[in-house]
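# A structural walkthrough
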Amino acid sequence: MRRACASAPVSLLKPYATHIRIFTSPQAWQAVNPELSQSLEENGIRWQLDYLEGECTDQAIASLKHHTEQQGAELLLAIGGGRVLDAAKAAASQLPAVTLVNFATQAATCAAWSPIAIIYNEQGGHLHSQPLGKMPELVLVDSEVIARSDVRYLKAGIVDALAKYYEFRPYQQHNPDDLALDLKVMTARQALDTFRQQGDAAILACQQQRVTPELVRVIDATIVLAGLANSVRDLLPTPGFAHAIHNRLTHLPELHHWLHGEKVGFSLLVQSLMEHDGVADAELLALLRHYDMPLKLPVLRGDRHSALRNIAQQIKFPQACAERLPFSVSARALEQALLATDTLF
């Protein structure tokens, strides 16, 4: 990962290309301009702009791939948050001659670094995770841009990152000699320790729109350490169970205003209730409250008990992975945990 200001990426791009396609969102493009576009023009780099207006869908990926090929661009520069970066990663994986550079303008997820792209439907419902044929050549971060963003994104990013520790650690109980798993947990633990030590100072700095050493370390933990923990692979997969719950929650219209990390935070609570016989892990619960995560679902359509049962029955998790966890993964256990969130808080 390289740290850069909005005008500095041009010096990093020039060795790779002088003809590029930029893929971004209207908000992210505004956050890095006019500095970036002026610098591109001053350095003689030709560029065309492509906006992602909605979700990271198969159609959006196909469109970006087509436009990049049609332009004859040598490099794809993705600027924005998780949806933009994931769509660019998926498109670039189908373009072997095109260099990909990710420029993260938020620290809300580890998408800039993570070796998968998350594909959604037009309504924002999770469809599948797509493995990548290649990774970005560079990952750029402008801490000043992130410091100017809504602190809610940083809080959500912190929770999405600390989730890796709480999701990977339970696998160790039944798999004590798995080196890849140990590496995942060690990296995730380092991110968690960073949040414990510098999280409050980083949140304050973001609220004040100041770049401080603490904010920089927390940004690194949310993007790099979380992405690194997600990148370690072994023959036996260890997918995060809370993220499986999150995937089902994305199909609820009532939750479309929740950020990715907020859905993950609530899902961590559900996992913890399942793991500890209806009593949430005290430290995890304190962290979720500290970072203002939602701990209860909003009003849902129809009978609430039936709605929660339906959610529980539709959460999908590989049976082989469930058998490696030290707690029961069943629709009944999920339903009980979801019901408990209504009465515990």
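Position numbers for residues count from 1 along each chain, tracking the sequence in the order it is written. Predicted model: local features are reported for residues with pLDDT of at least 70 only, side-chain atom pairs are reported and counted for 80 or more only, and whole-chain, interface and lining totals are derived from all residues. Excluding hydrogens and water, the side-chain figures rest on all heavy atoms present in the structure.

### Here's the deal with the overall build of the chain
The criterion, for reference: Strands are runs of DSSP state E lasting at least two residues, helices are runs of H or I lasting at least four, and both sets are numbered from the N terminus onward. The size measure is the radius of gyration over C-alpha atoms, and the globule rule it meets is 2.2 Å times the number of residues to the 0.38 power. Accessibility here uses a 1.4 Å probe with only protein chains present; expressed as a share of the type maximum, an area under 20% marks a residue as buried, one over 50% as exposed, and anything in between as partly exposed. Note on definitions: a residue-residue contact is assigned when non-hydrogen atoms from the two residues lie within 4.5 Å. Per-residue accessibility takes into account occlusion by the displayed protein chains alone, with areas from the Shrake-Rupley method and a 1.4 Å probe. Charged-residue counts in this description rest on Lys and Arg as positive and Asp and Glu as negative, His and the chain ends being excluded. One atom stands in for each charge, and that atom is NZ of Lys, CZ of Arg, CG of Asp or CD of Glu.
Of regular secondary structure, the chain possesses 15 helices and eight strands. Since a compact globule built from 345 residues should have a radius of gyration of about 20 Å, the 20 Å found for the chain is in line with a globular shape. Based on the C-alpha atoms only, the size of the chain along its principal axes is roughly 60 × 45 × 40 Å. Classification of the 345 residues of the chain by burial places 58% in the buried group. Residue pairs at least 24 apart in sequence account for 77% of intrachain contacts in the chain once pairs closer than 6 positions are excluded. When the accessible surface of the chain is totalled, it reaches about 14600 Å², and 50% of it is carbon and sulfur. Once the 30 positive and 36 negative side-chain charges of the chain are each reduced to a mean point, those two points are 1 Å apart.

### Points about the packing of helix 7 (residues 151-168) against helix 10 (residues 241-249)
Rule in force here: Between N-to-C directions, angles cover 0 to 180 degrees, with each direction set by a line fitted to C-alpha atoms, over the stretch in contact for helices. Throughout, the term roughly parallel applies to angles under 35 degrees, roughly antiparallel to angles over 145, roughly perpendicular to angles from 65 to 115, and oblique to all others. Amino acids are sorted into nonpolar (Ala, Val, Leu, Ile, Met, Phe, Trp, Tyr, Cys and Pro), charged (Asp, Glu, Lys and Arg) and polar (every other residue, Gly among them).
It is at 8 Å that the axes of helix 7 and helix 10 come closest, and there the two elements cross at 125°. With respect to helix 10, the axis of helix 7 lies oblique. Of helix 10, the residues touching helix 7 (which contributes Asp-160, Ala-163, Lys-164 and Glu-167) are Phe-241, Ala-242 and His-243. Classifying every residue of the contact of helix 7 with helix 10 by side-chain character gives three nonpolar, one polar and three charged.

### Overview of the UniProt feature "binding site: NAD(+)" (unreviewed entry) in the chain
Counted only if it meets this: UniProt positions are given in the numbering used here, feature names are shortened, and annotations may be inferred rather than shown by experiment.
Here the UniProt-annotated "binding site: NAD(+)" (unreviewed entry) positions come out as Gly-82, Arg-83, Val-84, Leu-85, Asp-86, Ser-114 and Tyr-120. Tracing the backbone shows Gly-82 in helix 5 (residues 82-92). Judged by its relative accessible area of 22%, Gly-82 falls in the partly exposed class. Not counting the four nearest positions on each side in its chain, Gly-82 is found in contact with Thr-109 and Ala-111. Tracing the backbone shows Asp-86 in helix 5. Residue Asp-86 is classed as buried on the basis of its relative accessible area, which comes to 7%. Setting aside chain neighbours within four positions, we find Asp-86 in contact with Cys-56, Ala-111, Ile-116, Ala-117 and Ile-118.

### Brief notes about the UniProt feature "binding site: glycerol" (unreviewed entry) in the chain
In the numbering used here, UniProt assigns the "binding site: glycerol" (unreviewed entry) feature to Asp-160, His-243 and His-260. These residues run over 101 residues, yet every pair of their C-alpha atoms falls within 9.6 Å of each other. Here Asp-160 is to be found in helix 7. In this structure Asp-160 comes out as buried when scored by relative accessible area, which is 2%. Apart from residues lying up to four places away in sequence, Asp-160 is in contact with Ala-108, Thr-109, Cys-110, His-243, His-260, Gly-261 and Val-264. With respect to the helices, strands and loops of the structure, His-260 is situated in helix 11 (residues 260-275).

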